[in-house]
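Coordinate inspection notes
The residues making up each chain are set out below.
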Amino acid sequence: QEQLVESGGGSVQPGGSLKLSCAASATILSFYTINWYRHPPGKYRELVATISTSGDTSYTTSMEGRVTISRDKAENTVYLDLLSAKPEDTAVYYCHAHWEMMTMPPQESDYWGQGTQVTVSS
């Protein structure tokens, strides 16, 4: 059973920065798209950033310019850098791995981490 393990959450002051980590297996990083989601209190979960198996990245518009997703294959880890933190960035951040194959019927596989809390306040 594959696992995703997030770390790096904590408290940060507005304007500060934080680096979240998602440790995964080499298999996951080779074959799965990795997403970072966040779930703010009282709101729906939302996609923050994505990195494909080829290294292409994409970001939710509202956070573009303040977050960077990256990966280190040697460390089997995907990172999310959060800059210029705002109180509205307070949320539980989740790492998610997704694989799919357009066969008939389609095949897919998903893994979630346990989440890491990020709190932005003064």
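These notes cover the structure that comes with them. Just so it is clear, the model here is predicted, and its values are computed rather than measured. (Residues numbered from 1 in each chain as written. Predicted model: local features only at pLDDT ≥ 70, side-chain atom pairs only at ≥ 80, totals over all residues. Heavy atoms only, no water.)

1. Description of the overall build of the protein chain
A tally of helices and strands in the protein chain yields one helix and 11 strands. Shown N-terminal to C-terminal, the secondary structure of the protein chain runs as helices and strands in the order β-β-β-α-β-β-β-β-β-β-β-β. At 14 Å, the protein chain has a C-alpha radius of gyration in line with the 14 Å of a compact globule built from 122 residues. On the principal axes, the C-alpha backbone points of the protein chain span a range of 50 × 30 × 25 Å. A buried classification covers 40% of the 122 residues belonging to the protein chain. In the protein chain, the share of contacts with a sequence separation of at least 24, taken over all contacts with a separation of at least 6, comes to 54%. Each charge class in the protein chain was averaged separately, 8 positive and 13 negative side chains, and the resulting centres sit 6 Å apart. (Helix = DSSP H or I, 4+ residues; strand = E, 2+ residues; numbered from the N terminus. Rg over C-alpha atoms; globule rule 2.2 N^0.38 Å. Buried < 20%, exposed > 50% of the residue type's maximum accessible area, 1.4 Å probe, protein only. Contact = heavy atoms within 4.5 Å. Lys, Arg positive; Asp, Glu negative; His and termini not counted. Charge placed at Lys NZ, Arg CZ, Asp CG, Glu CD.)

2. Here's the deal with the state of the cysteines
Counting across every chain of the model gives one disulfide. Across a sulfur-sulfur distance of 2.0 Å, Cys22 and Cys95 are joined as a disulfide pair. Looking down the S-S bond of the Cys22 and Cys95 bridge, the torsion is -75 degrees, so its handedness is left-handed. Remark: Cys95 occurs in strand β9 (residues 91-101) and Cys22 occurs in strand β3 (residues 18-23); sequence separation between them is 73 residues. Cys95 matches Cys22 in its accessibility class, with the two residues each being buried. (Disulfide = S-S within 2.5 Å.)

3. Here we look at the environment of Val48
Among the secondary structure elements, Val48 is positioned in strand β5 (residues 46-51). On the basis of relative accessibility, which here comes to 0%, the residue Val48 falls in the buried class.

4. Description of unusual backbone geometry
The omega torsion of the bond from Met104 to Pro105 falls at 0 degrees, within 30 degrees of zero and hence cis. By the secondary structure assignment, Pro105 is in the loop between β9 and β10 (107-112). Positioned with a positive phi, Asn76 is a non-glycine residue whose angle comes to about 50 degrees. With respect to the element layout, Asn76 can be found in the loop between β7 (67-72) and β8 (77-82). In this structure, Ser84 is a non-glycine residue whose phi angle is positive, near 45 degrees. With respect to the helices, strands and loops of the structure, Ser84 is situated in the loop between β8 and β9.

5. Here we look at the environment of Thr61
Residue placement: Thr61 occurs in the loop between β6 (57-59) and β7. Taking relative accessible area as the criterion, Thr61 reaches 68% and is therefore assigned exposed. A C-alpha to C-alpha distance of 8.7 Å links Thr61 and Val48, two positions 13 residues apart in sequence.

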